[in-house]
Protein chains: 2
Amino acid sequence: MLKKGELVSFRPDIKVVDCTIRDGGLVNNFEFTDEFVRELYKTNIKAGVDYMEFGYRADKDLFDESKFGKWKFCTDDDIRSIVGDNEAGLKISVMADVGRTNFKRDICPKNESPVDMIRVATYIHTIPSALEIVEYCNKLGYETTVNIMAVSKSNDNDLSDALEIIGQSCVDSIYIVDSYGSLYPEQMRRLAAKYLECGEKYNKIIGIHAHNNQQLAFANTIEALTMGVSYLDSTVSSLGRGAGNCPTELLLGFLKNPKYHITPVLKFIEHEIIKLKEEGVVWGYDIPYLLTGRLNQHPRDAIRFMADKRTDYAAFYQYLYDKDSF
Amino acid sequence: MLKKGELVSFRPDIKVVDCTIRDGGLVNNFEFTDEFVRELYKTNIKAGVDYMEFGYRADKDLFDESKFGKWKFCTDDDIRSIVGDNEAGLKISVMADVGRTNFKRDICPKNESPVDMIRVATYIHTIPSALEIVEYCNKLGYETTVNIMAVSKSNDNDLSDALEIIGQSCVDSIYIVDSYGSLYPEQMRRLAAKYLECGEKYNKIIGIHAHNNQQLAFANTIEALTMGVSYLDSTVSSLGRGAGNCPTELLLGFLKNPKYHITPVLKFIEHEIIKLKEEGVVWGYDIPYLLTGRLNQHPRDAIRFMADKRTDYAAFYQYLYDKDSF
């Protein structure tokens, strides 16, 4: 097996990307208070986190602004209201979904923006549209990534073709995204090897974004990193859609680079995450997510099941199984 | 890397060992109702689980019977009251802790007992005492295992010596036990390779018992199994000390042998586990367990922290760190 680094050393190419506001926004409709976001920003700086993703840059013509918190749209001004001139070393990213962002209108030149990196989320069949955004943002001076979502649903040939096309683009980084939390470590290592081969050939950074449906988000993240993957997405206390993501506190506990500190994250959990839970925001591993993950399905049915406060897991499993199989 | 089997096939040597009552008893002082134990027994039969561990066979001279539920002692009569003549294929095990069991008095010949397997839990420095119990039980006709606890604390030379001695005994199976939930998959694979080498040499089955302090119990279990480990411990909904264990529902979702069925376990969770949680029994992954796991410490401080309903995680981490380091 490929292996980069050992358990007692660290690789300087590794970067931690905090997605708490962006992926967590899918849980609470992006209704974070400014205080929460500001505290998280300060936490990330103290913890040595490398990037903080503030949200989506969604098109206000497509989504009704009154129905979402501002971090679904996160304008440069919204971000500036938190970070000022962002004089810390922490870099800032936003996510642009293919087909949901008016990038030519809403993304200005890098030297006028607090944003450092634009991450483009795409399904495998919309990669040309993703690359259009990447080329545009690259010319404006941003770092860029292509995040191929739901890779557990792609067939291997399509993925090879996709990686070739993306490899030939100007993008800086390509992400493995286990949107459904359905991949086992063995599969993750195989995917990482495939992406890393492309990264080697075209000089691209490889990243990983995991979901915790089967309690494997942390395991898959560190397995991918052990293979050579460098950009590691995480969220504080797993705060992200459905079962959530690789928890930052577990990831920082694993990483050996002395720049990373777990204590600020523990304090943020004490002061902010507990409050959020008490307010009734619900996320994280639970049986319904295990079931959609295990069946390699989108978590939407599980999210509804949880929202309805149902607990008839066996009937739900039968429903999911039949829906997909017969 | 060693590898036995693929993700689409199954290995008939794999056995699932349900430890819900035994490890879960450490959470609720073994105060399970007979109904709970009986429902679990029926569930295990329907789910295709191979072994069910009913508890410890603790010495009633050492522990005050009035202070624990009966499954800490689980006599043959206690077990019979649940399983009758146990006509199903499910095998039954009990655990004997070195130094806490009066095996010569409390273990009768196999043909007079409903128990099939005696598992002997030992630290690495009490292995001769463990083997005394093993030899005794083996002569009485039982299957036996040696479970070396807290292996993350052992040094490699001691462990090599221990495996040699155990290998030369009559024991059937040797267990990797990550008592503190501190091992990463990479370390688990290295340990599995070491145990499997001994297993190959002396014709012993290798087993794994994981804890979920770092959300790695399931990952470590399937990684060890992929290497060739055969006996897989799990508990329903992770019900076990501290952060709990590899969840049966995740493990059965992974295993490909058609004898295994996840639905009975889902029903048990609906009907019994939810009730247990509503009654106030608390277990499973949480920040304090992550911290003891990360520091390779016994979970006792985390258990107390949780019982005290504290949430000052950062201070707790500092305490654990200082206690162990300076």
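Small disclaimer: the values here were computed from a predicted structure and weren't measured. (Residues numbered from 1 in each chain as written. Chains lettered and ligands numbered in written order. Predicted model: local features only at pLDDT ≥ 70, side-chain atom pairs only at ≥ 80, totals over all residues. Heavy atoms only, no water.)

J.: What is the right way to look at the overall build of chain A in this model?
T.: If you tally the helices and strands in chain A, you get 13 helices and 8 strands. Whereas a compact globule of 326 residues would reach a radius of gyration of roughly 20 Å, chain A reaches 19 Å, a difference of no more than 12%. Oriented by its inertia axes, the alpha-carbon framework of chain A measures out at about 55 × 45 × 45 Å. With 326 residues in all, chain A has 62% of them scored as buried. Residue pairs in contact within chain A that sit at least 24 positions apart in sequence constitute 75% of those at least 6 positions apart. For chain A, the accessible area works out to roughly 12500 Å², and carbon and sulfur atoms hold 48% of it. The centroid of the 39 positive side-chain charges in chain A is displaced by 1 Å from the centroid of its 48 negative side-chain charges. (Helix = DSSP H or I, 4+ residues; strand = E, 2+ residues; numbered from the N terminus. Rg over C-alpha atoms; globule rule 2.2 N^0.38 Å. Buried < 20%, exposed > 50% of the residue type's maximum accessible area, 1.4 Å probe, protein only. Contact = heavy atoms within 4.5 Å. Areas by Shrake-Rupley, 256 points an atom, 1.4 Å probe, with all protein chains shown as cover. Lys, Arg positive; Asp, Glu negative; His and termini not counted. Charge placed at Lys NZ, Arg CZ, Asp CG, Glu CD.)

J.: What is the right way to read the sheet that holds strand 8 (residues 231–234) of chain A from this model?
T.: Consider a sheet: its strands pair through backbone hydrogen bonds, and that pairing is either parallel or antiparallel. Ordered by their spatial adjacency, 8 strands build a closed barrel running 1-2-3-4-5-6-7-8 (chain A), and the pairing between neighbours is parallel. Each neighbouring strand pair of the sheet contributes to a mean axis angle of 25°, computed without reference to strand direction. (Pairing = 2+ DSSP bridges. Axes fitted to C-alpha atoms, helices over the stretch in contact; angles between N-to-C directions.)

J.: I keep staring at the sheet that holds strand 8 (residues 231–234) of chain B and nothing clicks. Help me out?
T.: All names here are of chain B. The sheet built from 8 strands closes into a barrel, its strands ordered 1-2-3-4-5-6-7-8 with parallel pairing. Shown here is a sheet whose adjacent strand axes are inclined to one another by a mean of 25°, direction ignored. Bridge count for strand 6 (residues 173–177) against strand 7 (residues 205–209) is 5 bridges, and the pairing is parallel. Along strand 7, the bridge assignment pairs Ile174 with Ile206. Those strands touched by helix 1 (residues 20–28) are strand 1 (15–18), strand 2 (51–56), strand 3 (91–97), strand 4 (117–122), strand 7 and strand 8, and its axis lies near 35° from that of strand 2.

J.: Got a minute to help me understand unusual backbone geometry in this structure?
T.: Excluding glycine, a negative phi dihedral is what most residues carry, and trans is how most peptide bonds are arranged. Residues and elements named next belong to chain B. Its identity as a non-glycine residue notwithstanding, Phe30 has a phi of 65°, on the positive side. For Phe30, the position within the fold is in the loop between helix 1 and helix 2 (34–47). Judged by its relative accessible area of 2%, Phe30 falls in the buried class. In this model, Ala150 sits at a positive phi of 50°, which is unusual for a non-glycine residue. The topology assignment puts Ala150 in the loop between strand 5 (143–148) and helix 6 (156–167). For Ala150, a relative accessible area of 5% corresponds to the buried category.

J.: For this particular structure, what's the right way to read the domain arrangement of chain A?
T.: Interface size is commonly expressed as the accessible area that is lost once the parts come together. All names here are of chain A. On domain assignment, one finds that chain A holds domain 1 (15–278) and domain 2 (287–325). Taking the mean C-alpha position of each, domain 1 and domain 2 sit 26 Å from one another. Facing 11 residues of domain 1, the contacting portion of domain 2 comprises 11 residues. Approximately 920 Å² of surface area, both sides summed, lies buried where domain 1 meets domain 2, with 53% of it carried by carbon and sulfur atoms. (Domains from an automatic or database assignment. Buried area = accessible area lost by both parts, 1.4 Å probe.)

J.: Just to check I follow, could you spell out the interface of chain A and chain B for this structure?
T.: Of the residues lining the interface, 41 residues belong to chain A; the matching set on chain B comes to 41 residues. Across the chain A/chain B interface, buried area totals approximately 3600 Å², and carbon plus sulfur atoms make up 67% of it. Contact with chain B buries surface across chain A, with Leu7, Glu186 and Gln215 of chain A losing the most and accounting together for 16% of the total. The partner of Glu223 of chain A in a salt bridge is Arg189 of chain B, with the nearest N and O atoms 2.9 Å apart. Run the count over chain A and chain B and you get 12 residue pairs in polar contact (both at pLDDT 80 or more). Of all the elements in the fold, those that place two or more residues in the side of chain A that touches chain B are helix 7 (185–202), helix 8 (217–227), helix 9 (248–254), helix 10 (263–278), helix 11 (287–294) and helix 13 (313–325) of chain A. (Salt bridge = Lys/Arg side-chain N within 4 Å of Asp/Glu carboxyl O. Polar contact = N/O pair within 3.5 Å; in protein donor to acceptor, adjacent residues only side chain to side chain.)

J.: I would appreciate a short explanation of the packing of helix 12 (residues 300–307) of chain B against helix 13 (residues 313–325) of chain B in the present structure.
T.: Relative orientation and spacing of two packed helices are given, respectively, by the angle between their axes and the distance between those axes. All names here are of chain B. Close contact between helix 12 and helix 13 brings their axes to 12 Å; oriented N to C, the two are set at 155°. Here helix 12 lies roughly antiparallel to helix 13, going by the angle between them. Crossing of helix 12 over helix 13 shows right-handed handedness. Residues Asp301, Ala302 and Phe305 of helix 12 pack against Tyr313, Phe316, Tyr319, Leu320 and Lys323 of helix 13. Taken together, the residues of the contact of helix 12 with helix 13 break down into 6 nonpolar, no polar and 2 charged. (Parallel < 35°, antiparallel > 145°, perpendicular 65-115°, else oblique. Left-handed = near helix turned anticlockwise from the far one by under 90°. Nonpolar A, V, L, I, M, F, W, Y, C, P; charged D, E, K, R; others polar.)

J.: Is there a simple way to think about the nonpolar core in this case?
T.: One broad rule of soluble globular proteins: the nonpolar side chains tend to lie buried together. One finds Phe54 of chain A together with Phe54 of chain B to be the most contacted residues of the largest nonpolar core, which totals 219 residues. When sequence neighbours within four positions are dropped, the list of residues in contact with Phe54 of chain B reads Ile21, Val37, Tyr41, Trp71, Cys74, Ile79, Ile82, Val83, Ile92 and Ser93 of chain B. (Core = buried A, V, L, I, M, F, W, Y, C linked by side-chain atoms within 4.5 Å.)

J.: Explain the relation of the copies chain A and chain B to me, please; I cannot follow it from the model alone.
T.: To go from the first copy of the chain to the second, apply a rotation about an axis and then a shift along the same axis. Superposing chain A onto chain B takes a rotation of 180° plus a shift of 0.0 Å along the axis, which leaves an RMSD of 0.0 Å. Given the turn and translation reported, the copies of this chain are related as if by a two-fold rotation axis. In this assembly the copies share their binding face: 100% of the residues contributing to the interface of chain A also contribute to that of chain B. (Least-squares fit on C-alpha atoms with pLDDT ≥ 70 in both.)

J.: Before we go on, may I ask you to explain the packing of aromatic side chains in this structure?
T.: How two aromatic rings sit relative to each other is given by the distance of their centres and the angle of their planes. All names here are of chain B. Inspection of every chain in the model, using the stated rule, returns 32 aromatic pairs over all chains. With a centroid separation of 5.1 Å and an interplanar angle of 70°, the aromatic rings of Phe36 and Phe268 are classed as edge-to-face. Of this pair, Phe36 sits in helix 2 while Phe268 sits in helix 10 (residues 263–278), and the two are 232 residues apart along the sequence. Comparing Phe36 with Phe268 shows no difference in burial state: the two are buried. Considering the side-chain rings of Phe316 and Tyr319, the 6.5 Å spacing of their centres and the 25° angle between planes classify their relative orientation as stacked. (Phe/Tyr/Trp six-rings, centres within 6.5 Å; stacked < 30°, edge-to-face > 60°.)

J.: In this structure, what is going on with the pattern of salt bridges? I would like to understand it.
T.: Two side chains bearing opposite charge may form a pair once their charged atoms approach each other closely. All names here are of chain A. For the structure shown, the criterion picks out 58 salt bridges over all chains. Between Arg119 and Asp233 there is a salt bridge, and its shortest N-O distance comes to 2.9 Å. In this pair, Arg119 is assigned in strand 4 (residues 117–122) and Asp233 in strand 8, connecting sequence segments 114 residues apart. Judged by relative accessible area, Asp233 falls into the buried class, the value being 1%.

J.: So what exactly am I meant to see when it comes to helix 10 of chain B here?
T.: Since one α-helical turn is 3.6 residues long, residues separated by three or four positions face the same way. A rise of 1.5 Å per residue sets the reference length of helix 10 of chain B, with its 16 residues, at 22 Å; its end C-alpha atoms lie 22 Å apart and thus fit the reference within 8%. Where helix 10 of chain B bends most, the angle comes to about 40°, and this point is Ile269 of chain B. All of the buried residues along helix 10 of chain B are Pro264, Val265, Leu266, Phe268, Ile269, Glu270, Glu272, Ile273 and Leu276 of chain B. Turning to helix 10 of chain B, the residues buried within the fold contact helix 11 and helix 13 of chain A together with helix 2 and helix 9 (248–254) of chain B. (Expected span 1.5 Å × (residues − 1). Bend = angle between axes of the 7 residues up to and from the residue.)

J.: What is the right way to read the environment of Asp301 of chain B from this model?
T.: Residues and elements named next belong to chain B. With respect to the secondary-structure elements, Asp301 resides in helix 12. On the accessibility criterion, Asp301 (7% relative accessible area) is buried. It is 23 Å that separates the C-alpha atoms of Asp301 and Arg100, two residues lying 201 residues apart in sequence. Residue contacts for Asp301: discarding those within four places in its chain leaves Phe316, Tyr319, Leu320 and Lys323. Looking at Asp301, its side chain comes within polar contact range of the side chain of Lys323, at 2.6 Å.

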